[in-house]
Amino acid sequence: MAAIAAAAAPMASDFKPPELAMLAWAYGSAGGPRPPGLFEAVAAAAGAKVDQLRPQELGNIAWAFARVRIADDALFDAFGGACERRGGGAL
């Protein structure tokens, strides 16, 4: 899985929202050591596409970050703003 993470991290900004969510979920589910740079790349890409993420994708990404114990304030602020713009019930 380390090889996949190393290949995916530099391309994360090119991923579609469902692909970002699946990538984060897969690595959150896998356990083990965090791949260097992967979650940072997912955070940057998801933050840039926050208004394109569906509620399930927001939830999956947030869950994955919690699972690997990464608190990315900028990403979570972006998620909160997206929920507010959607009427507060997106998650």
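Throughout this document, residue positions are counted from 1 along each chain, in the order its sequence is written. Note on the predicted model: pLDDT of at least 70 is required for a residue's local features to be given, and 80 or more for side-chain atom pairs to be given and counted; whole-chain, interface and lining totals, by contrast, use all residues. Water and hydrogen atoms play no part in the side-chain values, which are based on all heavy atoms of the structure.

> Explain the nonpolar core to me, and be specific about the residues and the numbers.
Here, the term nonpolar core denotes a set of buried Ala, Val, Leu, Ile, Met, Phe, Trp, Tyr and Cys residues that are joined through side-chain atoms within 4.5 Å. For every residue, the accessible area (1.4 Å probe, protein chains only) is compared with the maximum for its type, and the residue is labelled buried under 20%, exposed over 50%, or partly exposed between those bounds. Judged by nonpolar contacts, the single largest core of 29 residues is most densely connected at L38, I61, F65 and F79. A run of H or I in DSSP counts as a helix once it spans at least four residues, and a run of E counts as a strand once it spans at least two, with each numbered from the N terminus. Secondary structure elements with two or more residues in this core: helix 1 (2-8), helix 2 (17-30), helix 3 (38-48), helix 4 (55-67) and helix 5 (73-85). Any two residues whose heavy atoms approach within 4.5 Å are treated as being in contact. Once residues within four sequence positions are removed from consideration, I61 is found in contact with L20, A21, A24, V42, A46, L53, L75 and F79.

> An account of helix 2 is needed here, citing residue identities and associated values.
Between its first and last C-alpha, helix 2 extends 20 Å over 14 residues, near the 20 Å set by a 1.5 Å rise per residue. Within the sequence span of helix 2, burial applies to P17, L20, A21, L23, A24, Y27 and G28. End-on, the buried residues of helix 2 take up no more than an arc of 160°, which puts them together on one face. By definition here, a helix of n residues has an expected span of 1.5 Å times n minus one. It is the directions from the helix axis to the C-beta atoms that the arc portrays.

> Tell me what's going on with the side chain of K49, and back it up with residues and numbers.
Mapped onto the secondary structure, K49 falls in the loop between helix 3 and helix 4. As used throughout, the charge tally considers Lys and Arg to be positive and Asp and Glu to be negative, leaving His and the chain termini uncounted. Salt bridge criterion: a side-chain nitrogen from Lys or Arg within 4 Å of a carboxyl oxygen from Asp or Glu. Notably, K49 is buried but unbridged: the nearest opposite-charge side chain belongs to D14, and the N-O separation is 6.4 Å. Not counting chain neighbours up to four residues away, the residues in contact with K49 comprise S13, D14, F15, K16 and L20.

> Explain the packing of helix 2 against helix 3 to me, using residue names and the numbers behind them.
Packing of helix 2 against helix 3 brings their axes to within 10 Å, and their N-to-C directions diverge by 150°. Our classification of the angle between helix 2 and helix 3 gives roughly antiparallel. As for how helix 2 packs across helix 3, the hand of that crossing is left-handed. Note on element contacts: helix 3 touches helix 2 through L38, F39, V42, A45 and A46, opposite L20, L23, A24, Y27 and G28. Class assignment of the residues belonging to the contact of helix 2 with helix 3 gives a composition of nine nonpolar, one polar and no charged. Axis lines are fitted through C-alpha atoms, for helices just across the contact stretch, and the angle between N-to-C directions can take any value from 0 to 180 degrees. For classification purposes, an angle smaller than 35 degrees is called roughly parallel, one larger than 145 roughly antiparallel, one from 65 to 115 roughly perpendicular, and anything else oblique. The hand of a helix crossing depends on one turn: near helix anticlockwise from the far one by less than a right angle means left-handed, and clockwise means right-handed. Under the convention adopted here, Pro, Cys and the residues Ala, Val, Leu, Ile, Met, Phe, Trp and Tyr are nonpolar, Asp, Glu, Lys and Arg are charged, and Gly plus all remaining residues are polar.

> Could you give an account of the pattern of salt bridges, with specific residues and numbers?
Taken as a whole, this structure holds two salt bridges when the rule is applied. The residue R85 makes a salt bridge to D51 at a minimum N-O spacing of 2.7 Å. Of this pair, R85 sits in helix 5 while D51 sits in the loop between helix 3 and helix 4, and the two are 34 residues apart along the sequence. You'll find R85 and D51 in the same group, each marked exposed. Note that E57 is salt-bridged to R54, the shortest N-O span being 2.9 Å.

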